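# Structural features, examined
Here are the chains, one letter per residue:
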Amino acid sequence: MFVFRTVVAAHLLYLCQASCYFSAELQGEYVMQTVTAGAHVQYSQVNITAEAIPMWGQCHQRQGDNVILFDSFNGTACMRCFHLKLHSANVLQVHTCPTCLDQCYLTEEAARHTCPTGDYFQRNYFKEITLFRTKELGGGNIRKIFCPITGQYTFMYDLYNQTDNRVECSPALSHLENCADRAGGPQLDVHFQGCSHQYNDVTFDCLGDWAGTDGQRFLALYDTSVLAGTDYRPQYRCALYKQDEQNGNVIIAFSSDSTCTTDLYNASYGHMTWNLTVVPSSPWPAQVTNSKCSFPYWSQGKWERFNINHNTLTYKDHTSFNTYTMRCVEAVDEGKLIVFSRNGCGEETYKCIQLKQRSRNVVEFQFGLTTSSFVNHSLCSDSNFLGNVWITQARLEGLQVSPCPVTGEYSGVIPDPNNVGLCARLASDQTHQEIMYFTVFDCDQQEVYEEREYQCLGQWEEDGVTYTYTQRKDFGTYECFVGSIVSNNDIYIKEAGEHCGRGINPKHMGMKLQTKGKQELNIRPPETTQPVTSWYVTSRPSSPTRPWKPITGAPPRHSASSKTSNSVGVLFLVTVTAILLGC
């Protein structure tokens, strides 16, 4: 289940002592809104390294999503607490207390008391900063994200400002389209017509969406038609939207800048509001509407990327970036069904889908390689499927407790051709059988570098190995592992990707873990494996950081110049993606 690779010279690892670090998922380059000058929005770059957010401070202590950053002001220690939440691969929100951008706390305890915790974390109370990713870790381009608004719509456009509230585009002649196969990616193409003012067409790239309140969701967008520094419109936009599950219509309201708060109140009330109406589809073919076919009873409900309701399956395809609605036409074989599929861009076809129940919480499915304009039983032939290449999905509602495949505490050396001297610990117990803790640490110094908490969702045996599908608790992502239990004391585990890739031998470059003793099998994992209960403090002296750059736009204060540190990356895959260990 675990594959580990080094990305730079291994000997540099021993220069590092960092119990406080930022995970690889957070690292990279971002921009944030700093100030507005008239109608223009200005942005500042924000870099997140393994050990620091240089403009704000060095990672000093962390607990879950909360981190205390160390800064310096004329040689005086200065500490502030920030709450970091990654809403999508491209959107990171930071919360801090209202005065923490201007105040400096001299002690860890004082800074810690300002951290958002539990019920005390109220979004409207804390200062909110939205960071939009511009580069991945290592400098790569940001990844394309599935956009929840797909298909074709007409819309009306309302504009609100301090002096009036007026309808700009009515009736609903304006047109919005997200047809990824045509545009080459997930983009919202917006065309204005019938408006009281002349508006240029715009195109938005989706950066991610996340849960709001009352069934609403936030949506982050990048306006590709804005020229940085020359256009009056912000390049990055935040919105609230709500979709009618019955007819697919959408209401969406935008903030007036790049924050998720300014002039944005709910999905129907913001700086500008669009009312999207789905372009009607043609009627279902008679053969589809007359069919008595329905999807299996065990498959009904909401899953990660699809919903099944009786005879209808709605699938959000994160590969083609389209949403498909499929109606069951005929059950051909066990687990194989012919469906009629259409998306919101007018594409219709017959295809075969194969469903396999792996556990009560886990389903796998695949589509046939070819499609047809009519019902054809050959669509469901074995030769029309790509062997053991599945899409793995977890149930979202009505989850049942699924114990992890191993109980107790196991440890071992991480296999790596560069022999960086890293060990790992895997732990679970009988009290919380569905939770698994994983920790990466220095074999000699016991310094903790990486820790994860997983919820096991289901497992099954296939070709002599055990597949376990899990959800990572901090980021909510889903990951699969393959393992081989050699004895009660020895197991091999290896990463199997997001969709439980087959043909992976856990004994080949997998990780061998051995139990630490039967007397420890039924106890809670050690405190060091539970990031939610402990603060992790760096054992390295804190170095000065760059001058403070307040969000308020006030002049930056003077501080000691920063000393850029060398960075060393070790790519842990347990799920473990790369984490750079600062030196």
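One structure accompanies this document, and this report is about it. (Residues numbered from 1 in each chain as written. Predicted model: local features only at pLDDT ≥ 70, side-chain atom pairs only at ≥ 80, totals over all residues. Heavy atoms only, no water.)

The next thing to look at is the side chain of Q393. As for its position among the elements, Q393 is in strand 27 (residues 391-394). Overall, the relative accessible area of 0% leaves Q393 in the buried class. Only 2.7 Å separates the side chain of Q393 from the backbone nitrogen of R305, close enough to count as a polar contact. (Helix = DSSP H or I, 4+ residues; strand = E, 2+ residues; numbered from the N terminus. Buried < 20%, exposed > 50% of the residue type's maximum accessible area, 1.4 Å probe, protein only. Polar contact = N/O pair within 3.5 Å; in protein donor to acceptor, adjacent residues only side chain to side chain.)

Inspection of the secondary structure assignment puts Y222 in strand 14 (residues 217-223). Counting along the chain gives 13 residues from Y222 to Q235, while the straight-line C-alpha distance between them is 5.8 Å. If we ignore the near neighbours within four places in the chain, the residues touching Y222 are T203, F204, D205, L207, Q235 and Y236. Side-chain polar atoms of Y222 contact the side chain of Q235, separated by 3.3 Å. (Contact = heavy atoms within 4.5 Å.)

Moving on, we get to the state of the cysteines. Note on terminology: a disulfide is the covalent bond linking the sulfur atoms of two cysteines. As enumerated under the stated definition, the model contains 13 disulfides in all. Put simply, C169 and C195 are joined by a disulfide, and their sulfur atoms are 2.0 Å apart. Negative torsions about the S-S bond denote left-handed disulfides, and the value of about 105° found for C169 with C195 makes this one right-handed. In this pair, C169 sits in strand 11 (residues 165-178) while C195 sits in the loop between strand 12 (187-191) and strand 13 (202-211), placing the two residues 26 residues apart along the sequence. (Disulfide = S-S within 2.5 Å.)

This next bit is on the packing of aromatic side chains. Scanning the entire structure with this criterion turns up 27 aromatic pairs. When the ring of F204 is compared with that of W274, the centres are 6.3 Å apart and the planes differ by 50°; the resulting orientation is tilted. Taken as a pair, F204 in strand 13 and W274 in strand 19 (residues 272-278) lie far apart in primary sequence, 70 residues in all. Residue F204 is classed as buried on the basis of its relative accessible area of 2%. Residue W274 is classed as buried on the basis of its relative accessible area of 2%. On the basis of an interplanar angle of 45° and a centroid distance of 5.7 Å, the ring pair of Y315 and F367 is categorised as tilted. Here Y315 is found in strand 22 (residues 312-317), whereas its partner F367 is found in strand 26 (residues 362-367), with 52 residues between them in sequence. The structure contains a cluster of three or more aromatic residues connected by ring pairs, namely F155, Y157, F192, Y199, F204, F254 and W274. The ring of Y21 is capped by R62, whose NZ or CZ atom sits 4.6 Å from the centre of that ring. (Phe/Tyr/Trp six-rings, centres within 6.5 Å; stacked < 30°, edge-to-face > 60°. Lys NZ or Arg CZ within 6 Å of the ring centre and 35° of its normal.)

Moving on, we come to the sheet that holds strand 33 (residues 478-485). As summarised here, the arrangement of the eight strands in space is 28-29-30-31-32-33-34-35, forming a closed barrel in which the pairing is antiparallel. Geometrically, the sheet is characterised by an average inter-axis angle of 35° between neighbouring strands, direction not taken into account. Sheet topology note: the strand 31 (residues 448-462)/strand 32 (residues 465-472) ladder contains eight bridges and is antiparallel. Bridge pairing in strand 32 places E461 opposite T466. (Pairing = 2+ DSSP bridges. Axes fitted to C-alpha atoms, helices over the stretch in contact; angles between N-to-C directions.)

Another point: the side chain of S428. One can find S428 in strand 29 (residues 422-428). Classification of S428 as buried rests on a relative accessible area of 2%. In terms of polar contacts, S428 uses its side chain to reach the backbone carbonyl oxygen of V406, at 2.6 Å.

To continue, consider the pattern of salt bridges. One pass over the structure, following the stated rule, counts 17 salt bridges. As a salt-bridge pair, E451 and R62 come within 2.3 Å of each other at their nearest N and O atoms. Of the two residues, E451 is situated in strand 31 and R62 in strand 5 (residues 57-63); the sequence distance between them amounts to 389 residues. Since its relative accessible area comes to 7%, E451 is described here as buried. On the accessibility criterion, R62 (8% relative accessible area) is buried. With its nearest N and O atoms 2.8 Å apart, the salt bridge here joins E498 to R305. Pair noted here: E498 is in the loop between strand 34 (490-495) and strand 35 (511-515) and R305 is in the loop between strand 20 (301-302) and strand 21 (306-309), with a separation of 193 residues, a long-range link. Since its relative accessible area comes to 34%, E498 is described here as partly exposed. By relative accessible area, which is 17% here, R305 ends up buried. (Salt bridge = Lys/Arg side-chain N within 4 Å of Asp/Glu carboxyl O.)

Turning next to the sheet that holds strand 27. Ordered in space as 20-21-22-23-24-25-26-27, the eight strands form an open sheet in which the pairing is antiparallel. One side of each edge strand has no neighbouring strand; the edge strands of this open sheet are strand 20 and strand 27. Relative to strand 21, strand 20 is paired through two bridges, and the arrangement is antiparallel. Within the sheet, the bridge partner assigned to K302 lies in strand 21 and is N307.

Turning our attention to the environment of W284. Counting through the fold element by element, W284 comes out in the loop between strand 19 and helix 3 (286-289). For W284, a relative accessible area of 22% gives the class partly exposed. Separated by 64 residues in the primary sequence, W284 and E348 have C-alpha atoms spaced 10.0 Å apart.

Core analysis: the biggest nonpolar cluster contains 25 residues, and I149, Y157, L176, F192, I252, W274 and L276 have the highest contact counts within it. Listed by contribution, the elements that provide at least two residues to this core are strand 10 (151-160), strand 11, strand 12, strand 13, strand 14, strand 15 (236-243), strand 16 (250-254) and strand 19. Sort the elements by how many residues they give to this core and strand 10 lands first, with four residues. Ignoring any residue separated from it by four or fewer positions in sequence, one finds L176 in contact with I149, G151, Q152, Y153, F155, L188, D189, V190, W274 and L276. Formed by 21 residues, the second largest nonpolar core is a distinct cluster that contains C20, C59, V67 and L131. (Core = buried A, V, L, I, M, F, W, Y, C linked by side-chain atoms within 4.5 Å.)

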